[in-house]
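Below, each chain spelled out in residue letters.
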Amino acid sequence: RKEVEQDPGPFNVPEGATVAFNCTYSNSASQSFFWYRQDCRKEPKLLMSVYSSGNEDGRFTAQLNRASQYISLLIRDSKLSDSATYLCVVSKGGGKLIFGQGTELSVKP
Amino acid sequence: GAGVSQSPSNKVTEKGKDVELRCDPISGHTALYWYRQRLGQGLEFLIYFQGNSAPDKSGLPSDRFSAERTGESVSTLTIQRTQQEDSAVYLCASSLLAGKLQETQYFGPGTRLLVL
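Just so you know, these numbers come straight off a predicted model, no measurement behind them.

Reading the values: rules and limits
Residues numbered from 1 in each chain as written. Chains lettered and ligands numbered in written order. Predicted model: local features only at pLDDT ≥ 70, side-chain atom pairs only at ≥ 80, totals over all residues. Heavy atoms only, no water. Contact = heavy atoms within 4.5 Å. Salt bridge = Lys/Arg side-chain N within 4 Å of Asp/Glu carboxyl O. Polar contact = N/O pair within 3.5 Å; in protein donor to acceptor, adjacent residues only side chain to side chain. Helix = DSSP H or I, 4+ residues; strand = E, 2+ residues; numbered from the N terminus. Nonpolar A, V, L, I, M, F, W, Y, C, P; charged D, E, K, R; others polar. Pairing = 2+ DSSP bridges. Axes fitted to C-alpha atoms, helices over the stretch in contact; angles between N-to-C directions. 1 Å grid on protein atoms, 1.4 Å probe; cavity = no way out; pocket = protein on both sides within 12 Å on 5 of 7 lines; lining within 4 Å. Points joined across faces, edges and corners; volume = space filled by probe spheres on them.

### Observations concerning the interface of chain B and chain A
Phase 1 of the analysis: With 22 residues of chain B at the contact, the number on the chain A side is 23 residues.
Phase 2 of the analysis: Taken together, the links from chain B to chain A amount to zero salt bridges.
Phase 3 of the analysis: The interface formed by chain B and chain A includes five residue pairs in polar contact (both at pLDDT 80 or more).
Phase 4 of the analysis: Taken together, the elements giving at least two residues each to the side of chain B that touches chain A come down to β4 (31–37) and β5 (43–50) of chain B.
Phase 5 of the analysis: For the side of chain B that touches chain A, the per-class residue count stands at 10 nonpolar, nine polar and three charged.

Structure representation (structure tokens):
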């Protein structure tokens, strides 16, 4: 079983749609949680950290459920520019990041 | 300021040859990381360096892989006797510190390695 598992993609949605990505992690010792975004043939870039209380950044909302070892990302009012692969990432501390395989999002006009 | 840079951007080599990949981290970042990303897969951790501490090599897939870092600057990842399964994008990242919760890692553009 992979340490970090994500919804299989791709997700194809129209502009303006709300889309949710889910992620589960297997190691209960995980301490830090992130969503990264990776555009085609580009490097990953941090989208947002995920805090225990949940956090929001504009159209993006991230939630963490430690008891269920579950992380989510909600994108509201999706834009064409949101098309990318979204990577769920966890860390046990010490700097080493464990990445999920990513979920591809394609937003269509 | 300048981000993480990597060279070469692309490398094609023959099976059995050695290759050396280079990473220049963001100036002032004490932590440096190497990851590998195979086609259609997520990133796999390989190794990280934090200041003068012993590197965490727990992700290196075999003894053909090694990495060095000079102080808190340049790092090189060496793959000896390359195999076709080594074909991947090798990504380097740096951060101000390692181990601090929620510490952001900044990635370089990667080196695309193709082993024929």
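### Here we look at the sheet that holds strand β8 (residues 70–75) of chain A
Residues and elements named next belong to chain A.
Phase 1 of the analysis: Reading across the sheet, the five strands line up as β1-β3-β8-β7-β6 and stay open at both edges, with antiparallel pairing between neighbours. Across the chains shown, the open sheet's two edge strands, defined by having one partner strand only, are β1 (4–6) and β6 (55–57). Going from strand to strand, the sheet's axes swing by 15° on average, the running direction of each strand aside.
Phase 2 of the analysis: Strand direction decides the pairing type here: β1 and strand β3 (residues 19–25), joined by three bridges, are antiparallel. Counterpart to Glu-5 in the pairing with β3 is Thr-24.

### So, the layout of surface pockets
Phase 1 of the analysis: If you add up the space inside the largest pocket, you get close to 700 Å³.
Phase 2 of the analysis: The wall of the largest pocket is formed by 30 residues, among which Gln-38 and Arg-41 of chain A together with Gln-37, Leu-39 and Gly-40 of chain B lie closest to the centre.
Phase 3 of the analysis: Those elements that provide at least two residues to the lining of the largest pocket are β9 (84–91) and β11 (103–108) of chain A together with β8 (88–95) and β10 (111–115) of chain B.
Phase 4 of the analysis: The greatest single-element share of the lining of the largest pocket, amounting to four residues, is contributed by β11 of chain A.
Phase 5 of the analysis: For the lining of the largest pocket, the residue count by class is 11 nonpolar, 12 polar and seven charged.
Phase 6 of the analysis: There is about 320 Å³ of room inside the second largest pocket.
Phase 7 of the analysis: Lining the second largest pocket are 15 residues, and of these Ile-98 and Phe-99 of chain A together with Gly-42, Leu-43 and Glu-44 of chain B sit closest to its centre.
Phase 8 of the analysis: Secondary-structure elements contributing two or more residues to the lining of the second largest pocket are β10 (97–99) of chain A together with β5 of chain B.
Phase 9 of the analysis: Looking at side-chain class alone, the lining of the second largest pocket contains six nonpolar, four polar and five charged residues.

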